[in-house]
Amino acid sequence: MTEKKSQQQIKVRYNETSALFASQFIINTSAEDVTINFSSGPLSDPANDETILPIHTRMAMTLAGARRLHAVLGSILTQQDAGEKIPAEAQAKLPDIKQ
């Protein structure tokens, strides 16, 4: 007898639909987790000639979560480098907003 795996349909709900651009990041790790600190880029402070990297978002995840993120990002970047289009079913679908 063969066993069939059923796929559960999951709907994604965005509590916040705005996005912050990040071109820089700092990663902190421990034995249990990885924290990624995101920044839009460095700023110069003319008052004291220092360069500051303002962090706007921090995201912490388990090592297993970080490995999954690494695998997904690697796969997407490989597809992009090969010129492949990401399948529509793998892309986030945002509702149409009428203005």
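All of these numbers come straight from a predicted model, not from anything done at the bench. (Residues numbered from 1 in each chain as written. Predicted model: local features only at pLDDT ≥ 70, side-chain atom pairs only at ≥ 80, totals over all residues. Heavy atoms only, no water.)

### Notes on the layout of surface pockets
Space inside the largest pocket adds up to approximately 370 Å³. What lines the largest pocket is a set of 13 residues, and nearest its centre among them are Ile36, Phe38, Met59, Leu69 and Leu73. Elements with a contribution of two residues or more to the lining of the largest pocket: strand 1 (24-29), strand 2 (33-39), strand 5 (57-62) and helix 1 (63-81). Its residues assigned to classes, the lining of the largest pocket comprises 11 nonpolar, two polar and no charged. (1 Å grid on protein atoms, 1.4 Å probe; cavity = no way out; pocket = protein on both sides within 12 Å on 5 of 7 lines; lining within 4 Å. Points joined across faces, edges and corners; volume = space filled by probe spheres on them. Helix = DSSP H or I, 4+ residues; strand = E, 2+ residues; numbered from the N terminus. Nonpolar A, V, L, I, M, F, W, Y, C, P; charged D, E, K, R; others polar.)

### Examining the sheet that holds strand 5
Spatial strand order, 1-2-5: three strands in an open sheet with antiparallel pairing. The open sheet is flanked by strand 1 and strand 5, the only strands paired with a single partner. Strand-to-strand twist across the sheet, computed as the mean angle between neighbouring axes with direction ignored, equals 20°. Pairing of strand 2 with strand 5 involves six bridges; the strand directions are antiparallel. When the bridges of strand 5 are listed, Phe38 appears paired with Thr57. Docked against the sheet, helix 1 engages strand 2 and strand 5, running at close to 110° with respect to strand 5. (Pairing = 2+ DSSP bridges. Axes fitted to C-alpha atoms, helices over the stretch in contact; angles between N-to-C directions. Contact = heavy atoms within 4.5 Å.)

### Some points on the side chain of Thr35
Tracing the chain through its elements places Thr35 in strand 2. Apart from residues no more than four positions distant in its own chain, Thr35 is found in contact with Ile26, Ile27, Asn28, Arg58, Met59 and Ala60.

### Describing the side chain of Asn37
Structurally, Asn37 is set in strand 2. Asn37 gets classed as buried once you look at its relative accessible area, which sits at 6%. Of note is the side chain of Asn37, whose polar atom sits 2.6 Å from the side chain of Asn28. Sequence-distant contacts of Asn37, that is, excluding residues within four places in its chain, are made with Gln24, Phe25, Ile26, Asn28, Ile55, Thr57 and Arg58. (Buried < 20%, exposed > 50% of the residue type's maximum accessible area, 1.4 Å probe, protein only. Polar contact = N/O pair within 3.5 Å; in protein donor to acceptor, adjacent residues only side chain to side chain.)

Worth remembering: the numbers are spatial, not functional.
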